[in-house]
Amino acid sequence: MQSKNAGRTINDIYIGNKKIIIKLSDGSRLDILPFTYTNNYLFKGKELSDEDISLLKKDDEEGKLIDAANKILAKNNVSVELMKEKLSWKCFDNEIVEKTISYLKETNLLNDYEYAKSLLNDLFAKNYGKNRIIDFLKNKKIDPEVISSITFDEDEEYNRALNIIDKLDLKFDNYNNTMKQVHIHDALVRYGYSFEVIKKMINNISYHQHDKEMEILRNEYPKTLKRYINKMTKDEAIDKTISYLLNKGFSYNDILIVKKEQQK
């Protein structure tokens, strides 16, 4: 550091574990971090101008921010943009924040490409689809250029969807085929899969045989009829029941078959 306007002289330097105390000739002192001390050529007898001291303080602020960043990264990795936001709450000097971010990137402590890669591994393991993955990365404030560089193979997407389709099939096991397709479709949308992948899943999934569908309908018909029978005439209750079951996705012909069975 070059001193432009010599003023105060360093009388003493006390080196501690967490801070360095610089005593100056005018009776004042500077408490700085070891980071600041090692980044500047300081020795007893050196003269410091006001500008020198101002630069030391800025270096010290950067050191404090680096320390804060290390504590954040010790808990969780974060994106460059999110780290910038966090550090901006600790220091209102944008120049110091940007300088700190540059240091963290240069030392590879911040790397959106590596961060995104680690997140992708976890998201793939959870069998998420492209749309949900992209939304997740955006919420983590990953660099848009990094996100746009990620490629998604449709065959791999399809294979990930296959990993969860049996679980969804079992989850909606008691629904009729039409409603089952609706629920599985909605679930795959929440997982983040594209229309093309969902369509393949729906077209290839093994649904109940017709006898299972009829079993569900035979259970639903009397329960539904019972809800209406005391509120209206019998014919009106039957019409209301048929309408309700149609809306639930049951076949009209199957409903009529069950209706006749129930009337015996």
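As a reminder, the structure under discussion sits directly above these lines.
Bear in mind the structure is a predicted one, so any value in this text is a computation, not a measurement.

Draft legend 1. Structural view of the nonpolar core. Counting 28 residues, the largest nonpolar core has L137, I142, L168, I184, L188 and Y193 as its most contacted members. Looking at this core, the elements that each hand over two or more residues are α5 (112–125), α6 (130–139), α7 (144–148), α8 (154–171), α9 (177–191) and α10 (195–204). Once residues within four sequence positions are removed from consideration, I142 is found in contact with S79, D112, Y115, A116, L119, L137 and I147. Core analysis: the second largest hydrophobic core is formed by 15 residues, L73, V80, I101 and L104 among them.

Draft legend 2. Local environment of the sheet that holds strand β1 (residues 8–15). Read from one edge to the other, the open sheet built from 4 strands follows the order β3-β2-β1-β4, with strand pairing classed as antiparallel. With one partner strand each, in any of the chains shown, β3 (29–32) and β4 (47–48) form the two edges of the open sheet. One ladder, built from 5 bridges, connects β1 with strand β2 (residues 20–24); its direction is antiparallel. By the bridge assignment, Y14 is partnered in β2 with I21.

Draft legend 3. Spatial organisation of the environment of K223. Position of K223 among the secondary structure elements: in helix α11 (residues 210–229). The class for K223 is partly exposed, based on a relative accessible area of 43%. Separated by 45 residues in sequence, K223 and T178 place their C-alpha atoms 20 Å apart.

Draft legend 4. Examining the environment of S194 more closely. Examined against the element boundaries, S194 turns out to sit in the loop between α9 and α10. Overall, the relative accessible area of 23% leaves S194 in the partly exposed class. Residues S194 and N40, spaced 154 residues apart in sequence, show a C-alpha to C-alpha distance of 55 Å.

Draft legend 5. Here's a closer look at the side chain of N40. For N40, the location among the structural elements is in the loop between α1 (34–39) and β4. Under the relative-accessibility criterion, N40 is labelled buried at 11%. A polar side-chain atom of N40 sits 2.8 Å from the main-chain carbonyl oxygen of T36.

Draft legend 6. Local environment of the pattern of salt bridges. Scanning the model with the defined rule gives 17 salt bridges in all. Residues K58 and E95 are paired through a salt bridge, measuring 3.5 Å at the closest nitrogen-oxygen approach. With K58 in helix α2 (residues 50–75) and E95 in helix α4 (residues 94–106), this residue pair connects regions lying 37 residues apart in the sequence. Taken together, the shared-partner salt bridges in this structure form one network comprising R8, D26 and D50.

Draft legend 7. Geometry of the environment of I150. Along the chain, I150 falls in the loop between α7 and α8. Considering only alpha carbons, one finds I150 and I229, 79 residues apart in sequence, at a separation of 58 Å.

Conventions and cut-offs
Residues numbered from 1 in each chain as written. Predicted model: local features only at pLDDT ≥ 70, side-chain atom pairs only at ≥ 80, totals over all residues. Heavy atoms only, no water. Core = buried A, V, L, I, M, F, W, Y, C linked by side-chain atoms within 4.5 Å. Buried < 20%, exposed > 50% of the residue type's maximum accessible area, 1.4 Å probe, protein only. Helix = DSSP H or I, 4+ residues; strand = E, 2+ residues; numbered from the N terminus. Contact = heavy atoms within 4.5 Å. Pairing = 2+ DSSP bridges. Polar contact = N/O pair within 3.5 Å; in protein donor to acceptor, adjacent residues only side chain to side chain. Salt bridge = Lys/Arg side-chain N within 4 Å of Asp/Glu carboxyl O.

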